[in-house]
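Chain residues, written in single-letter form:
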Amino acid sequence: MNNIYDILQARLGEDKLRKRLMRQVNHSNDIIAYRHINIENFSVVFQLSRYFLKILNLFDKGFNNTLNLHIEHNNIKLANLPKSFNGYKILHLSDLHIDGNPLLMHRISKQLQNIDYDLCIITGDFRYRTSGNLQPVIDSMQELVPYLNKGKDGILAVLGNHDFVEMVPLLEELGINFLINEHKIIYQDSEPLCFIGLDDEHFYRNADIESALPSEAENVCKILLIHSPEYIAKALRKNIDLYLCGHTHGGQICLPSGKPLLINSRSFKNFYRSHWKIKNMQGYTSRGCGCSGINIRFNCPPEITVHHLISNNSID
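All of the points below concern the structure found in this document. (Residues numbered from 1 in each chain as written. Predicted model: local features only at pLDDT ≥ 70, side-chain atom pairs only at ≥ 80, totals over all residues. Heavy atoms only, no water.)

Attention shifts here to the overall build of the protein. Summing up its helical and strand segments, the protein has 9 helices and 14 strands in all. Residue burial in the protein is summarised as follows: out of 316 residues, 56% are buried. Partitioning the intrachain contacts of the protein with sequence separation of at least 6 by distance along the chain shows that 73% fall at a separation of at least 24. (Helix = DSSP H or I, 4+ residues; strand = E, 2+ residues; numbered from the N terminus. Buried < 20%, exposed > 50% of the residue type's maximum accessible area, 1.4 Å probe, protein only. Contact = heavy atoms within 4.5 Å.)

To continue, consider the sheet that holds strand β7 (residues 177-178). One open sheet accounts for 6 strands, arranged β3-β14-β4-β5-β6-β7; its pairing is mixed. Lying at the two open borders of the sheet, with one neighbouring strand each, are β3 (70-78) and β7. Relative to the sheet, helix α6 (residues 135-148) contacts β4 (89-93), β5 (119-123) and β6 (155-158), its axis offset from that of β5 by approximately 140 degrees. (Pairing = 2+ DSSP bridges. Axes fitted to C-alpha atoms, helices over the stretch in contact; angles between N-to-C directions.)

Right, let's talk about the sheet that holds strand β8 (residues 182-188) for a bit. Pairing is mixed across the open sheet formed by 6 strands, whose spatial order is β8-β9-β10-β11-β13-β12. Pairing within the sheet leaves two strands with one partner each, and these edge strands are β8 and β12 (274-278). For this sheet the average axis-to-axis angle between neighbouring strands, irrespective of direction, equals 20 degrees. As defined by bridge partners, strand β11 (residues 242-245) adjoins strand β13 (residues 281-285) across 4 bridges and the pair is classed as parallel. By the bridge assignment, L242 is partnered in β13 with Q282.

Attention shifts here to α6. Helix length check: α6 (14 residues) gives 19 Å between terminal C-alpha atoms against 20 Å at 1.5 Å per residue, within 8%. For α6, the principal kink sits at Q142 and spans about 35 degrees; a proline, P146, occurs within the next four residues. When α6 is considered as a whole, its buried residues turn out to be V137, I138, S140, M141, L144, V145 and L148. Lining the buried residues of α6 we find β4, α5 (102-112), β5, β6 and α7 (167-172). (Expected span 1.5 Å × (residues − 1). Bend = angle between axes of the 7 residues up to and from the residue.)

To continue, consider the nonpolar core. The biggest cluster of nonpolar side chains holds 39 residues, and the ones touching the most others in it are L96, I122, F126, M141 and L148. Every element with two or more residues in this core is listed here: α1 (2-12), β4, α5, β5, α6, β6, α7 and β14 (303-311). In terms of residue count, α6 provides more of this core than any other element does, 6 residues in total. The contact partners of I122, leaving out residues within four places of it in the chain, are L93, L96, M141, L148, I155, L156, A157 and V158. Of all hydrophobic cores here, the second largest spans 21 residues; its members include F195, C221, I223 and L244. (Core = buried A, V, L, I, M, F, W, Y, C linked by side-chain atoms within 4.5 Å.)

Time to look at the packing of α5 against α6. Running from amino to carboxyl end, α5 crosses α6 at an angle of 10 degrees, the nearest separation of the two axes being 9 Å. Classified by the interaxial angle, the pair formed by α5 and α6 is roughly parallel. Packed against α5, whose contacting residues are M105, H106, I108, S109 and L112, the element α6 presents S140, E143, L144, Y147 and L148 at the interface. Here the contact of α5 with α6 is built from residues that sort into 6 nonpolar, 3 polar and 1 charged. (Parallel < 35°, antiparallel > 145°, perpendicular 65-115°, else oblique. Nonpolar A, V, L, I, M, F, W, Y, C, P; charged D, E, K, R; others polar.)

Shown next, in the form of C-alpha cells:
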C-alpha cells in the first residue's frame, strides 16, 4: 500500500496528494465540508424519496429509465484540429457509478459492441457512493474494460468527486490510463493532438491546469478532460479547444420540458448538458451513464457519446 502512495505522490506532488486524502475522509462522512454541501451523503433523503416513489408507483418506471441508454453522436468542428485527425472518433463515458447498478453495466457492454471509435475517455465518477470498499468498482470495470479497449489509442480517464485516488493504480492495471493534472499527446502522421486530464474540481478543488499543460502548448490543439463543468473560466484562459466533462447527469430528474430539478454544479445552467460553446472554446457535458443518490431517471436518459472531430480544413 505504501508503494501506491509513493507512486501517487510522485504524480500529484506531496501537497496535492495530502489535500486530496484529507478531503476524502470528510467526503465520506460529512454533509457539509469545505463550504460545500455533499448532496451524495443525504442518505436519509434518498431513502425517503425511494419510499414515496414506490407508494406513487413511480420507482419502477424511474429505474427502467436508467437502462434506456441513448447513443449520442456529436460532430465538433475544431479550428486547430490537425488535418490527419479529421474524422477522429472519441467514445465518451461519464458517471458510470458502476457498482450501483449491475444491470446497467451489462447494458453498456451490449451497446458498446456496435460502436466504432479511436479513443475511449471516461470523465470520472466510477463509484456509486463516496466511501466504502473499492473492490466492487474494480471487479465491475474488469468486466467492462474489454468493451472499452477497442480503439487504437486505448482509454484515458480522470477522477470524479466520488472517486478515491487509491483506485488509480488498481484501474491502471486493467488498462485504463489516468491523467491526474497530466497530459498525453497522440500523434497521427506526425501531427499532435493533446489531451489534458485534470483532477476533480467540484469537491476536491484539486484541478491544476498549469501542471498539466505541455511546455509547448500554444499552437497545439488541446482537449481537456475533467469531471465537472466548473473549470470553464480557467480553461478559457489557457486556450483550450474542447472541454469534455460530465458530473451533472443532465439533472437526472427533469420536468417534461427537460428542465432539471437540481444541478449539483457551480456552473451556469447552459453548461449542464450536451454541446455548448463559449467564446473560442467548445464543450460537451455528458448526461452520464449511471445515477447518483437513487437509481432513477425522469425525462433525462443516460447516454454514451461519440464525438466526431472535424477539421476546419476538411471539405463539408
